[in-house]
Amino acid sequence: MNQRQSALERALPIVAAAYGEQFGVRVVLSGSDAMTDGKTIVLPMLDNMSEMKDVLFGYLSHEAAHIRESSFDTLKKCRSEIEKSMTNLIEDIRIERAIQHAFPGTQFTLEAMENYIHERGWTPVPTTAESEASQLFRYLYHRLYGEFFDRQVYQPLIPESLKVLEQMFPRGFFVRLDGLLAKYMLSMTTSDDALKVARAILKALKDAEKEEEQERKSGPDSDSSQPPDPSTDGQGDSSDPNSNSENSSSENGDTQGDSSPEAADQTDGPSDASGEQFMSDQDSAGDQAESDSSSDDSSDAGAGGTYERVMSEQDMPTNPGQQLKEDLCSQAREDQSGKSFEIDTGVGQDMRNGNGDTSELQAGILTSSSIRSRLLGLLQAETRQRQWLHDRGRRVDGRRLSRLAAGDTRVFIQRDEHKRPETSVHVLLDTSGSMSQRQEIANQATVSLALAISTIPKCDIAVSMFPGCGGNVSPMIHRGQPVRPNLGRFLVSSGGGTPLAEAMLYAARELSASHKPRQVLIVITDGSPNNGHAVNYLLDLMKHQIDTYAIGIGSNAVKSYFGNWTVINDVRELQSALFRIAGNVLDLDP
């Protein structure tokens, strides 16, 4: 594959369309937006794509994972800002693990995205001036990405963040947190599971604070035979009343499970080692934890403490993912007029109506015969030869022997042989409502060109229509499919708008996948596209990679966009117009 072709394949529209098809999601390229609505991913087109492409594709992978894996109703169940922020973070970890498992190559773009987030300063080490809720969120961000994705940029930040938290959070919380993360982070399968883990972490904070408060009340002289308070979930079950929470936790092998929400739920069944019991019990566990936080007035534990302040905090740090979206939007590409534009990468259903009366196509079919015979004569040789005279060689030009008398020895014939490259052609047929009475001419032009090119050695063809069947563009003839048995597919009617940019994007992607040395795009249309800015963007993208030509049907509007164009107003002009285009496309001398 040549360097120019490789550059086209890496271009944002081509790769974004490929990602969307691979992930099974709809991708829209927009001049100014970066967002997801649960069904569609909107990506901005950036000026500095060479620097930002991996970051942007990482964002695409992340949002595709949300569409594939997430329930967008889960965050509506959150009861506090900290619970919402933690759930969102934990869900990000879950869905990124899922898409990396399904598509291993995404780990590189996701890591590039995360490195960019860190470099922009959106994930700093927490400070003592921040609220405890913010400190907890930042610590969890560093720890989850540092440990579960082995993100090198965050691993040094984990101990730094921990030092800040240890000043305000009870020691027993960290032991419980270790157990929760080790046991449940890798067993989540749904978005609700992420919410349940977030609630379990918050309950672990509350339980640890209760335990610490009871230890303060019991004092160093308390009776060691006193049974442990059930509310401590067994954390104080030690013969030494002075033992701290870490020692108590380490002596009880089930402590990590006891501090999890199944203990808060007070269910009777044992927890499955895989975490299934945990996941099935978390809704009620979360309800119990929330109930405890609002109605446990008989206990002083947590009253005005860290847990209460964390749960009541309203001002949480902006999610780094949201900051990334805003940053990408700020770098969005605009055309020279300062306007933004959108390109939908979706593709409609194939045009499969291969049967029907093709009599109205006869003019185009007959025209293709004359074009084909002429093109076959021109392309019969595999090489093009250019001849000139040289002062040495094996073959003498007898007509130039008179030069020798004047001392000119250039009488030997030399030939420069140039092999004709293999060529892939894609024809786009406009079927918009404005075609109306002109559609028959356009159909004839398309079938004529398709039949002619399909018989030329070293050439293959694909044909698509825009708008398509259930989408902006639909394939009519796939590359490698025979044209003549499928003539009925060219009997299309008019209707809808003119999504030329979307059709060009599909054709460019299809051509780039053909891996032929030369690619040609022919557009058959009658008028202006829905989005001229997007068309100009794609023409600029394809420049030097794909040779693009346009045939205007009863309209010269194509000259506003295409450098190589011609117009036909009647079927009688079809032969000469198509021959001019075909001659240019195939680099022929008339």
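Just so it is clear, the structure is predicted and the values come from calculations on it, not from any experiment.

Residues Phe 466 and Pro 467 are joined by a peptide bond in cis, for which omega reads -5°. As for its placement among the helices and strands, Pro 467 is situated in the loop between β8 (459–466) and β9 (474–477). We note that Ser 436 has phi near 40°; this positive angle belongs to a residue other than glycine. As for its position among the elements, Ser 436 is in the loop between β7 (423–430) and α17 (439–454). Given a relative accessible area of 44%, Ser 436 falls into the partly exposed group. Located in the positive-phi region is His 544, a residue other than glycine, with phi close to 75°. Within the secondary structure, His 544 sits in the loop between α19 (532–542) and β11 (547–553).

Turning our attention to empty space enclosed by the protein. Following the criterion strictly, the structure yields four cavities of 30 Å³ or more and no others. In this structure, the second largest cavity occupies an estimated 40 Å³ of space. For the lining of the second largest cavity, a count of residues per class yields five nonpolar, two polar and three charged.

According to the stated counting rule, one finds twelve aromatic pairs in the structure shown. Both rings, one in Tyr 141 and one in Tyr 145, keep their centres 4.9 Å apart while their planes meet at 40°; by these two values the pair is tilted. Here the residue Tyr 141 and the residue Tyr 145 both occupy positions in helix α6 (residues 132–148), the gap between them amounting to four residues, near one helical turn. Residue Tyr 141 shares its accessibility class with Tyr 145, and that shared class is buried. Ring plane angle 45° and centroid distance 6.2 Å describe the contact between Tyr 145 and Tyr 154, whose orientation is recorded as tilted.

When pLDDT is averaged along the protein, the result is 79; 75% of the residues meet or exceed 70. Mean pLDDT values over the elements of the protein span from 40, in helix α10 (residues 245–251), up to 97, in helix α7 (residues 157–165). Counting interchain partners and residues more than four positions distant, the pLDDT-below-50 stretch residues 223–257 has 50 contacts. Confidence drops under a pLDDT of 50 for residues 263–303, and excluding neighbours within four residues, the segment shows 62 contacts in the predicted structure.

Turning next to the nonpolar core. Leu 43 and Phe 173 are the most contacted members of the largest nonpolar core, which totals 102 residues. For this core, the element with the highest residue contribution is helix α3 (residues 49–69), accounting for ten residues. Of all hydrophobic cores here, the second largest spans 35 residues; its members include Leu 361, Met 435, Met 476 and Ile 522.

The rules behind these values
Residues numbered from 1 in each chain as written. Predicted model: local features only at pLDDT ≥ 70, side-chain atom pairs only at ≥ 80, totals over all residues. Heavy atoms only, no water. Helix = DSSP H or I, 4+ residues; strand = E, 2+ residues; numbered from the N terminus. Buried < 20%, exposed > 50% of the residue type's maximum accessible area, 1.4 Å probe, protein only. 1 Å grid on protein atoms, 1.4 Å probe; cavity = no way out; pocket = protein on both sides within 12 Å on 5 of 7 lines; lining within 4 Å. Points joined across faces, edges and corners; volume = space filled by probe spheres on them. Nonpolar A, V, L, I, M, F, W, Y, C, P; charged D, E, K, R; others polar. Phe/Tyr/Trp six-rings, centres within 6.5 Å; stacked < 30°, edge-to-face > 60°. pLDDT = per-residue confidence, 0-100. Contact = heavy atoms within 4.5 Å. Core = buried A, V, L, I, M, F, W, Y, C linked by side-chain atoms within 4.5 Å.

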